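Listed below, chain by chain, are the residues.
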Amino acid sequence: KERKGEFQQFGSPRHSSPPRPSRPPSRMPSARRLTTLAAVFVATAATALAGVANGIAPELAPFGGGRCATSAGWALLQQKTHLQRGGLNVVSGEVVEEGQGDFTVVIIPDTQFMVMDNGYSGAWLQEWIDQADWVVEQKQVLNIVAVIHVGDVVEEAHRPWEWANFFKGWDKIEAIGIPWSVVPGNHDLTSMAQPWASNRWDDYNRFMEPVFNRNPRLEANFPPGKYENSVVFFEASGIEFMVVGIELGPSQESLHWASGQLNQHPSRWAIVNTHFVLWGAERGIDIVGWAKKHRNVFMIHQGHDCAREWNRVHYNNWGEPIQEVLTDYQCSGDGFLRYYTFRVTEGLVDARTYSPSLGRFETDANSQWHFDFRMDARPSEPSAPSTPSLATTLAPAPDGNFYREVTNVGGWGGLCTCPDGQTYNVGDKYDACADGPDSLACEGGTPGECIQEHDSTRYGMKVTCATAGSTPAPALGPGGPAPQPAPSPPQSAPSPAGDNNHYRKVAGIGGWGGRCTCPDGQTYNVGDLWDACAEGPSSLACEGGTPGECFHVYDDARAGMKVTCAPSGVSQPSPQPDMPPAGSASGLTCAPFSDWPSMDGVTCKGCTALVLTTPHNTCNTYCQSFGHVCVAAAEEVNEDCQVKSSHQCDEEIQGTSDMLCTCHASSSS
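Just so it is clear, the structure is predicted and the values come from calculations on it, not from any experiment.

**Quick look at the overall build of the chain**
Consideration 1: Regarding its fold elements, the chain presents nine helices and 35 strands.
Consideration 2: The buried share of the chain, reckoned over its 669 residues, is 55%.
Consideration 3: A total accessible area of about 26,900 Å² is found for the chain, and carbon and sulfur atoms account for 53% of it.

**Focus on unusual backbone geometry**
Consideration 1: In this structure, the amide linkage connecting Phe222 to the following residue, Pro223, adopts the cis form with an omega of -10 degrees.
Consideration 2: The peptide bond linking Thr614 to Pro615 adopts the cis configuration, its omega dihedral lying at 10 degrees.
Consideration 3: In this structure, Pro615 sits in the loop between β32 (608–612) and α9 (619–624).
Consideration 4: The phi angle at Asp117 is positive, at roughly 55 degrees, despite the residue not being glycine.
Consideration 5: If you trace the backbone, Asp117 turns up in the loop between α3 (112–116) and α4 (125–138).
Consideration 6: Note on Asp117: relative accessible area 35%, which makes it partly exposed.
Consideration 7: For Asp152, which is not glycine, the phi torsion reads 55 degrees and is therefore positive.

**Topic: the packing of helix α5 (residues 160–175) against helix α6 (residues 202–213)**
Consideration 1: Put simply, α5 and α6 touch, their axes get as near as 12 Å, and they point 25 degrees apart. Looking at the two axes, α5 sits roughly parallel to α6. Crossing angle aside, the handedness with which α5 passes α6 is right-handed. Listed contacts from α6 to Pro160, Trp163, Phe166, Phe167, Trp170 and Glu174 of α5 are Tyr204, Phe207, Met208 and Val211.

**Things to note about the sheet that holds strand β28 (residues 542–543)**
Consideration 1: Sheet architecture is open: three strands sit in the order β25-β30-β28, paired in mixed fashion. One side of each edge strand has no neighbouring strand; the edge strands of this open sheet are β25 (502–505) and β28.

**Brief notes about the environment of Cys619**
Consideration 1: Mapped onto the fold, Cys619 is located in helix α9.
Consideration 2: Taking relative accessible area as the criterion, Cys619 reaches 1% and is therefore assigned buried.
Consideration 3: If we ignore the near neighbours within four places in the chain, the residues touching Cys619 are Cys630, Ala632, Ala633, Cys649, Met659, Leu660 and Cys661.

How each quantity is defined
- Residues numbered from 1 in each chain as written.
- Predicted model: local features only at pLDDT ≥ 70, side-chain atom pairs only at ≥ 80, totals over all residues.
- Heavy atoms only, no water.
- Helix = DSSP H or I, 4+ residues; strand = E, 2+ residues; numbered from the N terminus.
- Buried < 20%, exposed > 50% of the residue type's maximum accessible area, 1.4 Å probe, protein only.
- Areas by Shrake-Rupley, 256 points an atom, 1.4 Å probe, with all protein chains shown as cover.
- Axes fitted to C-alpha atoms, helices over the stretch in contact; angles between N-to-C directions.
- Parallel < 35°, antiparallel > 145°, perpendicular 65-115°, else oblique.
- Left-handed = near helix turned anticlockwise from the far one by under 90°.
- Contact = heavy atoms within 4.5 Å.
- Pairing = 2+ DSSP bridges.

Everything listed here is a matter of coordinates, which is why it stays silent on function.
In structure tokens:
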């Protein structure tokens, strides 16, 4: 979001109505506030006791299924106190022990306008101080076990006085020893004009480093010595949690690191904290899709958008819910925050939206709701996915090689060639390719180069090759042979030698889908025809084969993938796009376009094609990925061969999902 009513990067204008007139919020002196709260406490307790005398339960919580005995008492409680069920028992005055019983996680939305302290959008510093004071006051009452700040800490990251204002509130929260997580937002960038610069978080790290160094629950941070990505642990009522803080518009390296952290701690329930999920989507960054691959992620929280708030549910690869939530109240002022109370006995989590400055709740459906949460379960406990998954639904492949999705395998990696000549795109062993080819998840085969670039099609993928001359697939466990997918060639690569089926990435194919079985028995993971599986099996991108069920579950491995099966008993070459000339006027030679990876469906003259920007980012890296050298790089006009702007081969073309690359076969290829 930008100031002065400009449009944000995604969505509608920041203000749907003119900002409120600037006004300093009225404040009650602290002594008077305490006196008033005491009076309210006595009044509500008396009301509750009167209810007991009449056989009415003294339930004071705004979300526990009951209310005060009188509507007047309930209104008074909502306006003036923050007493919550599972925290303070009003009748007995008993406060729950820290870490026991119900507990609460607090979300601090964007503080940028409040720390400016000039009334912009009705926001003032005192509202931020009120939020911090409220957290301190409610630590025991609500049993607060963690505080999470979603970013946009300040308005301009280079202004020391804004950081000083932020720490006027944050120091109070830090002082009471609650585990906390903070991530940077776009206003915490060193320069918002250069959001992808290598030094983009220098100011953020300069001011936040001393605070992170004091964080006793900081488990890990990335890159080393920097804090735009972090992991924080906390526990409550015997349940283990982790907050995975991810920078705005994360690099693939950052997501790779975060995946490693999640896989190292599979028994901890994870909250992903990032400033805005869609930032970087145009560069191929898909945080929700990434999170679905990690079973311990149950919530994604974000800010940034002055839509104020919303919540939606996604389902991970096991069919289990992930709550995606947005909270950003600064554009309307009034100092609202969000908190979640985990009701351990009931297995529910209550979301509440509250303004300490106004002393009131918001109660619409986006402000107040609840969701189920299995307090007695560990995310690592085995359970059958509700929809078939890549690793558990296929019959053994005819070649006997076992290619499947597993845990603890990353998205860096390369090719593994089995003794029968089949080649598989596999991930690394989460060691950042430290051992070169030996880092590949390649058992019994010949590993190739381990490429330090994230590729969603190999993320989590491992192959166990059959011994030369044998065919049985390995067993997954007791009860017989493990089901296994057929080989899935690397993204946009031709099918393996000897396989006449043409499996490739094309435009117009989605990520929902399923399996296509060709006449020769080979099975392929293909996407749908961008029709949301409306035609059932017929929606699969399966030509000449037998389509299976079309699943309403997004899978990166099949997004854009289509297969054209060879007719039964017929040996024929795989279909290919146009062949570039062996030699053009410029003297360029290159491989057939069918051998080019990551194509975007457009080929041009002179060894030039429109290719996907991700994961290569530059034409230089793209051409090198299949043994060529870059000759020219450009951005196209409109998904065609017309050049809009020319670029250097090693230059990253900003703001586009594809690029025109001219590649020449090197002398060694």
